[in-house]
Amino acid sequence: LGAPCQLAADMNETLWAYCQSSLQNHLYENAIFLAERLCAETPSEASRLLLANCHYASGAPARACAILGNCSAPQNRYLLALCHVKLGRHLEAQRALLGSASPSADPTGTAIVPNGAAGLYLLGTICLKVQPQPPASLPRDDTNERSRAVLYFKRALELDPYLWSAYEALAALGKEFPPPPLPLP
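Below you will find a few notes about this structure. The shown structure was predicted, so the numbers you read here are calculated from the model rather than taken from an experiment.

Calculation rules
Residues numbered from 1 in each chain as written. Predicted model: local features only at pLDDT ≥ 70, side-chain atom pairs only at ≥ 80, totals over all residues. Heavy atoms only, no water. Disulfide = S-S within 2.5 Å. Salt bridge = Lys/Arg side-chain N within 4 Å of Asp/Glu carboxyl O. Helix = DSSP H or I, 4+ residues; strand = E, 2+ residues; numbered from the N terminus. Buried < 20%, exposed > 50% of the residue type's maximum accessible area, 1.4 Å probe, protein only. Phe/Tyr/Trp six-rings, centres within 6.5 Å; stacked < 30°, edge-to-face > 60°.

### Brief notes about the state of the cysteines
Under the criterion given, the structure shown has zero disulfides. Left unpaired, Cys54 is separated from the closest cysteine sulfur, that of Cys19, by 3.6 Å.

### Here's the deal with the pattern of salt bridges
All told, the structure shown has one salt bridge when counted by the stated rule. A salt bridge links Arg148 to Glu145; the shortest N-O distance between them is 2.8 Å. Of the two residues, Arg148 and Glu145 are both situated in helix H8 (residues 144–159); the distance of three residues between them amounts to about one turn of the helix. Residue classification places Arg148 among the buried positions, given a relative accessible area of 1%. Owing to a relative accessible area of 15%, Glu145 belongs among the buried residues under this scheme.

### Some thoughts on the packing of aromatic side chains
Following the criterion strictly, the structure yields three aromatic pairs and no others. Seen in terms of ring centroids, Tyr121 and Phe153 are 5.6 Å apart; in terms of plane orientation they differ by 40°. Their pairing is tilted. Separated by 32 residues along the polypeptide, Tyr121 in helix H7 (residues 116–130) and Phe153 in helix H8 bring together distant segments of the chain. Relative accessible area serves as the criterion here: at 24%, Tyr121 is assigned to the partly exposed category. Judged by relative accessible area, which is 0%, Phe153 ranks as buried. Aromatic pair Tyr167 and Phe177: ring centres 5.5 Å apart, planes at 75°, arrangement edge-to-face. With Tyr167 in helix H9 (residues 164–172) and Phe177 in the segment after H9, this pair connects stretches of sequence that are ten residues apart. Residue class for Tyr167 comes out buried when judged on its relative accessible area of 4%. For Phe177, a relative accessible area of 35% puts it in the partly exposed group. An aromatic cluster is defined as three or more aromatic residues linked by ring pairs; in this entry it consists of Trp164, Tyr167 and Phe177.

Right, here's the structure in full:
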């Protein structure tokens, strides 16, 4: 009984390693094939994440969404949010990151989201995309979503002071931000 289990574990490690190698070499169809074999052998959120990454990298975010649909692991939720953004489904992306049915569940911008600073930055960019656009004749005020975006960008910088994209987003919004750490790498 021990030998077949070890053989299965070795097979899974081999599939995982060759799938990663295929991804790194942009051999997406090969990576998808290997990840599908891995999912068939070992159905888990980790193997589904690998398969979804293959589809996302190959330019098929809808397929990745289908694979990640009912996953709950933080990394899976982050990739699911990225897929929804690619597909223009911003409210679904917010739900994936916030882990709740309603994006308004985080009115103060203090939720813990997957992938730390990157997740907060992504959530901030999503908030800017879902905010209502005022008519061109009216001055633009800070909406609730815009205010939450600012909070998410600032929190992202607290976790990762080298996340330059968050500085750029705050500057584009005309908001103050903490000085970047010195020296810059």
